[in-house]
Each structure stands twice: as structure tokens, then as C-alpha cells.
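Architecture and fold: a report
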Amino acid sequence: MSLVTVNLTVNQSARTFEVEERTLLADALRDELGLTGTHIGCDTSQCGCCTITMNGDSVKSCTLLAVQAEGADITTIEGLADGDKLHPLQTAFSACHGLQCGFCTPGMIMASVELLKQHPDPSDEQIREGLSGNLCRCTGYTNIEAAVRAAAEAMRN
Amino acid sequence: MANKNAPLHLFDRPNSYIGQSVPRPEAHNLLAGRGQYVDDLQLPRMLHAAFLRSPYAHADILTIDTTAAADSAGVVAVYSGADFADQVTPWVGELTHLTGLRSPPQMPLAIDTATWQGEPVAMVVASSRALAEDACALIDVQYQPREAVCDPVAALLPESPVIHSEYKNNLAWERDVTAGDVEPAFADPANTVVEQVLRFGRHTGVTLEPRSSVVEFNPAEQTLTYHYSGQAPHMMQAVLAKHMQLPEENIRIIARDVGGSFGIKIHTYGDDIATALAARLLARPVKFIADRLESFASDIHARDHHIKARLAVTSDGTIAALQMYDYTGIGPYSMYPRTSAIECNQILNLTGAPYKIENYHANGKVVFQNKNMMCQYRAVGHPVAMAVADSLLEQAAREIKMDVVEIRRRNLIEDNAYPVVSATGMKFADLSHQQALERLVELMQYEKLRKQQSTANENSIRTGIGLVSMVEVTNPSPMFYGIGGAPISAQDGATVRMDAAGALHVSCSITEQGQGTNTIIAQVAAGVFGVDIKRVKVTTGDTATTPYGGGTWASRGAGIGGEAVLLAADALKQQVLEVAAIVLQSNADSLDISQGNVIDKSDSAQRMSLDELGKLVYYRGSELPAEVQPEFVATRHFRVSDFPFVFTNGAMAAQVEVDTDTGIVKVLDFWVVEDCGRVINPKLVDEQIRGGVVQGIGGALFEECLYSDDGQLLNATMADYLVPMAGEMPDIHIAHIETPTSTSTLGAKGAGEAGTGGAPAAILNAINDALAPLGASIHTMPATPERILQALGEVPT
Ligand code: FES
Ligand code: FES
């Protein structure tokens, strides 16, 4: 089995590691870089648990090989807060009780980052559309949507 | 503030958090990506397991050649079933109180015969999961396929092949329940009789975090540590000890964050046990994380009921008799240790439970089949029991031209009638069906909705409204499992101790899977003892550090664990006050604790802080009289003793829109009135109920594990198995009635399963309400577009 070297910028630091060619980006982030906040719920691109930001767009990191991300600039859930200061989405998910087990939560938040970038003042329809690739099995989604609305408002002000 | 001199009620004290939506302290970690799920663990020298699973639903295993796999890169060991035969004792999914239930001994990997597609047959342990999977592909298994027995009704016909040669047929268990006499009521021509054949498809839990195990074994000490994603650590400890033949005390179960469980992760799975065996044989940590395909093929499935039922009502809508026959397919074995007969048993016990029914007959047959194993998943039996009774009741109402609310008013057990024993022998207390129904009617503006409906149904889009009145089994006593011989505790314990800084540390045997267990433990402890909630640290999910107890299942965490915390915190408070009284030369009865201070009860004057007291006791004990040996720790356990279960009740309603051209059902609105006794944290309770409703809607409309006639699971990916997503969910409006249970001081009953138990019946009724004017009806779940169109006669069945 031959290994390939991958160079990425992850949460603003340059990272280099070696993986098998077939290694998914999601697995590389978790296993090579220890960024276990990116979860794997299906590895077939349905659940959205593994959502990260890559070169400014939200992507499901189980749909890419690590080698395909060569040179990319990646943000994972661990890189979203500003030091100790949580991102408004993180604060809003806590305040609105937008999570139970938390397994979907990093993906929900990373998908919402993109959603709010495109729609700073999203309609309910746009929120549902923006989260249509993210499954939550615990909540009734109501509080997740409320959290996105609350974060949008906080970010606009 | 109330009169200063009046003693404060436990829940009105300054530090009481009961009834407040306190945010969850652990949420911050989860939001920051710092959760600690099993798959996040990386241990030194850790290996990874992958399993080769049977491609056939039923086949004899002729040979297994592992030579090539063993030589494959990174492989450390390859095991077949025979390799584990002397490492583990087989388990048997029987309970003695389910008289006659039988199931053959089961081993972690199939030996000789594979009995469902997905059953583990061989295991590879390698330096990475990918390499372990590569090697699995090199294992050569020769199978002799056998005829698969799939349909639970056909499985009992004399011509059916028999799955287990030690038995004469495929029946695992049968129960018959009779109260009164149903025949005269059905024979009476003055009565209206409605009859339905109902089908409840198989679905599964789809926990977003798959089943996960990391197991470490220390050969020097013969100790085993199991990092567990599950709900019942002490049960798992007992199971591993018994079957790996280790002393129970040598096994430690640790559950950190758990990414959803819903009953799925509370059973004994062969692949998990094999992981523990490999860890012991290799003396290295072994990790097994089910991938999604494995989850669908091997996580327990639920439901799979084929029911024929009928109901007789008099001309004024009074229920005269209810009769039901249930066939349920459970896969090839009864699951261990909870068994796969409990769901059928619950259905027999609970069908029609909200109503006054004197004449009742139910027969349940639990049947072996060559499909994945079936067992307890959220709201065990409830969605079936509620849907059978309430679907018949609404049909009867339509036939006698009575409103569906009115027919319930005539039949619900009156709120002032409790305690009541049902026709099936269930003891009910403290329920509020009548209040719940009236509150629901008000909440949903029933009359107005009905008026709108009568004018709206002009075109191909038909709207319908459906209701359900329901009970939910919560806070079970030992009557559930323990009396049948299962290593499952129905009591829970809590230890509360005060440290030198006056802070509280609570460890409790109930567990957290996201429902907010740790938060409510802190709420109860802080309020009862008298400190700010920030000064309470909670530990759960570790058999080494928590008292012995059942864990979290059957909606028991808050009700049973919460009460143990209440009792322990109160006991600790008395101990602290006795020591404070000596120090302050006062009387313990005249002191209290509030906001972290010892105060005078009479005028709330602050006497000393807990911090001062803690430091005095722990650092300067010499200042105390010699005979005073303070113990700032108290442990209390609690179990429900007067009743087998503490039932809750509720009423729910759905409004749906059925597109008769496409068969698509849209849930427009959903209402829940729930009486779960004392509400400890409204936000947590409401979100539990909403999440439960969403899973119930999933079962009613989308979710089904589809099998071919020869037992192949056809939709084992998230692309093919549909679960509810945000866009499909209605607003879910919730109101509460609080009738605290008299079995505890806390008064809390369970709330976690109500939504899943009630929603399917409400949805089914709403769909049939929409279809009724067209002369159509449907009694199969999930009610997929295809089935709706079949019901309408638009497409062939
Ligand atoms: S793990 Fe990537 S979408 Fe599910
Ligand atoms: S919180 Fe558990 S899956 Fe969303």
C-alpha cells in the first residue's frame, strides 16, 4: 500500500500528513489530525455529520478523498470559535437547545455557516432548504431552525 | 417572596431549579466539536475490527477458509465462530415470566448455519479498519443456501421450513389474554362492529452515531474496560462477566457521549461481544464501529406486526368489546437479555388501555423468521397498541356518525376513577385522559379546524384530522425484566458528596444520550441541597464510579434516577446540618441551607458558608468534638414498589394533507398534550417529545426495512431508507398537564417515548379521515405514496 502526502491548511494552520490514496477526507481529519468534531454518520453523503468548510464552501468531507483536498483551506467545527468566544451559531444552538446527543451538531453548524453566508436574513424555507442535507435523529428540528434564526439575527447586529 | 416564616416547599426553595429550562452544561463541548464519542478514542496499540457477514438469509456454512485473509497486509488475527467457541458461553434470549418463551443458544459469530442476511460469520482484526475490510474480502466461505422463512404468518403453517431443528415449528412465544366475554358483543345485532387488518412495517433506530465499541483487556489484572455507546452500563457489565466468565468487578463499562440510542444500543450484539473476545485474546485494545450498512443489517429492527382486530360499539358509541390477533416476526433468535417477546406483550397489555373496556380478547404469536433480529426500540409496542385501538375507534365513530372527540369522551376512563385496573390487569393511577383530551381540543381549535375542513376538500388535495388518546409505560419496577431473570436493575442509585469548597459532586447510575440527564440530576441536587447549580458536578456512565443501577431505558431516568438524587441530596443536607449545628452550637432542625450557606430557618440569617464548613471539617477536624466524625456523603437508591409501572398519558392530534393524485401525505400540524407528572426542565421535555413525534412520523410515513421474499434487505443505505428531514416536519405544539406520580416525592414520570408511541396513530387516523369521503382507507405503516394510491384504487396492489 503506497502512501501519499497531503498538504492542507486546517483551521488556519498548515498541516501535512501521509495517507493511503483511498482515505476519505473525513477520516483523515479525524485520524491523522485528531479533529474528532467532524463526525461520520453514513460515509455515503446523506447525513451531513461530516460537513466542513473547504475554500469557503460547505462540503461533506466523506464525499472527498483526502488527496482531492490537496492545498485546500479547511475549517472544521474546532476552528469556528474565536479563541474562547463561541461563534454566534454555537451560542444560539446552546441557547435554543438545538441539540440533544450532539452527533449531528457540528455538521448542522457548519452547514448553517454557509446557509447564513448566502442568506444573512433567511426565511424559514431557506433554513429548511439549507439544512436539507443534514439529518438529526434526536430533535424535532424546531429548535435547530430557531437557533439558525437567532444566530442570523445576532450576526446581523 | 412567600411568608418568611412558612416552611418552603421543596420545589419553591431559592435554589430550586425544578420547572426551569436550565441550559445543558455539556452542550458547550458538543458545540465546539469536543464531544467524546467512542470512535474518537485512539488508544496505544489499538487494532480495528471488521466483520464478514452472511450474504444469505438462511444457509449452512460448509467451510470457512481464512488463509488468504490472515496473510493480508496489516492483519493481526482472523476468527470464525469456532475460534470463539471456548472463549464465551452462549446466551439465550428467554425470560422466565414470559412463560413458554423459547430461543436457541446464540454465539457471537454464526457456527454451522447463518440465519439472517447480515449475521456476522467471521472477523478480521487489523491495524486499520480499511485493511481489516480488505482482508474480509479474502475470506472464502462456502455456503449451502436454505429456504428462507420470512413471513411470520406463513412461518407457522405446517408446510413451512423450521429454522431451528431443535423445535417442531417456528413459534417462539404465544400469549392469550381474555377479560369478560367478547363473543356476545360481536354477535349482538344492535352493535356496530368494525374490523381491520393492520400492518406495521419493520423500521430501525438509525442512531446517528452507529454502534461503537472499544475494548481493552489487561491480562495481568484480568480486567476488561469496555468503552460503550449505550444506555445500560451495569447490564452490559453483567452480560460480559457472565459470558466471558470474568468476575463482574473486573469489568468496567464507560459510556461518555452517546450519539443517540433509542433502545438500539441496549442489547447484546455478537459483533460487540466478538470485539471484547478479540481484545482479550490479543491483549490489545480493539475498536469496532459499525458502518451504516452494518447498522441497517444488524442493529435491531422494531415492529413487524401483522394484526387483525375488531371492535364492537353500541349505538351510543360505548365500546362493547375489542379483539385482536397479532403475529410478529422477530428474526431467528429472541434478543438477549431483554427478549423479543416484550413488544408483543406490551401490545396485548396496552391496546385500548385509555378506555373502559370490559370485554377484551387478544392473542399474540411471536415467530422466528430469517430476517434481522427484532427487539425493543423507542416506545416498545406503544405505536402498534395505540394505532390498533384508536384506528378502530375512529372508524366506528364514522360508521355510527359520531364525532371522533365525542366517542372518546364516552369511553375514556374518568380522571377521578383512579386507581383503576384495566381489562388486561394493568394498574393505572394518577392519569388525566379527560383533561388531556379537552386541553387538546382547545389547543388545536378542533371545532374551527373541522369547519375549515368541510369547506376545503374540493379538489385532489384532501385534508384530514386524526387523534389519539394514549398511555405510556414509564418508570418500570422489577416486574419488567428483573423478575424474569434478566441482569437488569430496575432501581437506580445516586451518591451526593460535598467537597472542601462546598461544591456538590453527584454520581448516578442513569445515563445520558442527549436527553439532558446530567442537567436534570444537577437541577434536582442543587435545589434539594441548596446550592447554585454551577456548584454541582455530575458523573454518569461509568460502572467504576457510579452506584449500581439500571441506566436509561423505558423512560425511567428522570423518574427513578431523579428520585434517587433527591433522596441522596436530602440525606446529605441533614448530615451537613447536623455538623453545622454542632459548630454553630445550634439545633439542626432550626437550620437550613440556601445559596451555599447555612442559614437560620426562622429569619434566613446567614450563619456560615458551606465553603467554611467544608474547610473546617476536612482541614481542621481537630476543632470538632472527638466523637463527631462528619460524613459529607450520602447514597440513596430508589425503585418503584407499589406499581409495576408508572403510566403517563397524553392526547395528540395531526392534521394532514393527502394528495390523491400522487399519494403524498404532508403533515400540516401536530399537537401534543402530555401528562408526564412533574416537569423538571420544560425545554428538555418538550424537545424529547418533539424528537419522539418526529420518529413516530417517520414510522408512520417513511421508514421501513424492506426485504425481498428470500430475506435480502433491500434498502440498507440512508439514500434508500427514508428518515424525516427538517423540510418534512410540521410545527409541533406542546401543552402539559402535571399530575405528579404519588410513587415519589419528585413526582416525575417519563416523557421520552410518548411522541413515538402516539404519533403514528394520530397520523394514520388523519389520513383515513382524509380518505373516508372517497370510500378509501389504509391500515399499513408506513403509509407510503404507493400504498395510498393502492388504497385509492389508483394503482394495483
Ligand atoms: S458521513 Fe458524510 S454525509 Fe454522512
Ligand atoms: S442531536 Fe442527536 S442527531 Fe441531532
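The present account deals with the structure reproduced in this document. (Residues numbered from 1 in each chain as written. Chains lettered and ligands numbered in written order. Predicted model: local features only at pLDDT ≥ 70, side-chain atom pairs only at ≥ 80, totals over all residues.)

1. Focus on helix α9 (residues 342-350) of chain B
Residues and elements named next belong to chain B. As a reminder, the rule being used: Counting other C-beta atoms within 10 Å of each residue's C-beta, where C-beta atoms are placed from the backbone, gives the exposure class: buried for 20 or more, exposed for 12 or fewer, partly exposed between. By definition, any uninterrupted DSSP run of H or I lasting at least four residues is a helix, any uninterrupted run of E lasting at least two residues is a strand, and each is numbered from the N terminus. Two residues qualify as being in contact provided that their C-beta atoms, derived from the backbone, are within 7 Å of each other.
For α9, the tally of buried residues reaches nine of nine residues, placing the bulk of the element in the interior. Burial in α9 covers these residues: Ile342, Glu343, Cys344, Asn345, Gln346, Ile347, Leu348, Asn349 and Leu350. Lining the buried residues of α9 we find β7 (171-179), β14 (319-329), β15 (360-367), α10 (382-399) and β18 (461-474). Looking one or two residues past α9, glycine 352 carries a phi angle of roughly 80°, positive in sign.

2. Examining unusual backbone geometry
For the peptide bond that leads from B:Tyr336 to B:Pro337, omega is -5°, which places it in the cis range. Locating B:Pro337 in the fold gives a position in the loop between β14 and α9. In this structure, the amide linkage connecting B:Met781 to the following residue, B:Pro782, adopts the cis form with an omega of -5°. Of note, B:Pro782 is situated in the loop between β29 (780-781) and α19 (785-791). One non-glycine residue, A:His97, adopts positive backbone phi at about 55°. Considering the arrangement of structural elements, one finds A:His97 in the loop between α2 (88-95) and α3 (105-118). For A:His97, a count of 23 C-beta atoms within 10 Å translates into the label buried.

3. With respect to the sheet that holds strand β2 (residues 59-65) of chain B
Residues and elements named next belong to chain B. Applicable threshold: Following DSSP output, two strands are said to pair if at least two bridges run between them.
Pairing within the open sheet is antiparallel, and its three strands lie in the order β4-β2-β6. The open sheet is flanked by β4 (113-114) and β6 (140-145), the only strands paired with a single partner. In this structure, β2 lies alongside β6, joined through six bridges in antiparallel fashion. Along β6, the bridge assignment pairs isoleucine 64 with valine 141.

4. Some points on the interface of chain A and chain B
The condition is simple: All residues other than Ala, Val, Leu, Ile, Met, Phe, Trp, Tyr, Cys, Pro, Asp, Glu, Lys and Arg, Gly among them, are scored as polar; the first ten of these are nonpolar and the last four charged.
In this assembly, 43 residues from chain A lie in contact with 41 residues from chain B. Of all the secondary structure elements, the ones that give two or more residues to the side of chain A that touches chain B are α2, α3 and α5 (142-156) of chain A. A per-element tally of the side of chain A that touches chain B places α5(A) first, with four residues. Its residues placed into classes, the side of chain A that touches chain B shows 19 nonpolar, 17 polar and seven charged.

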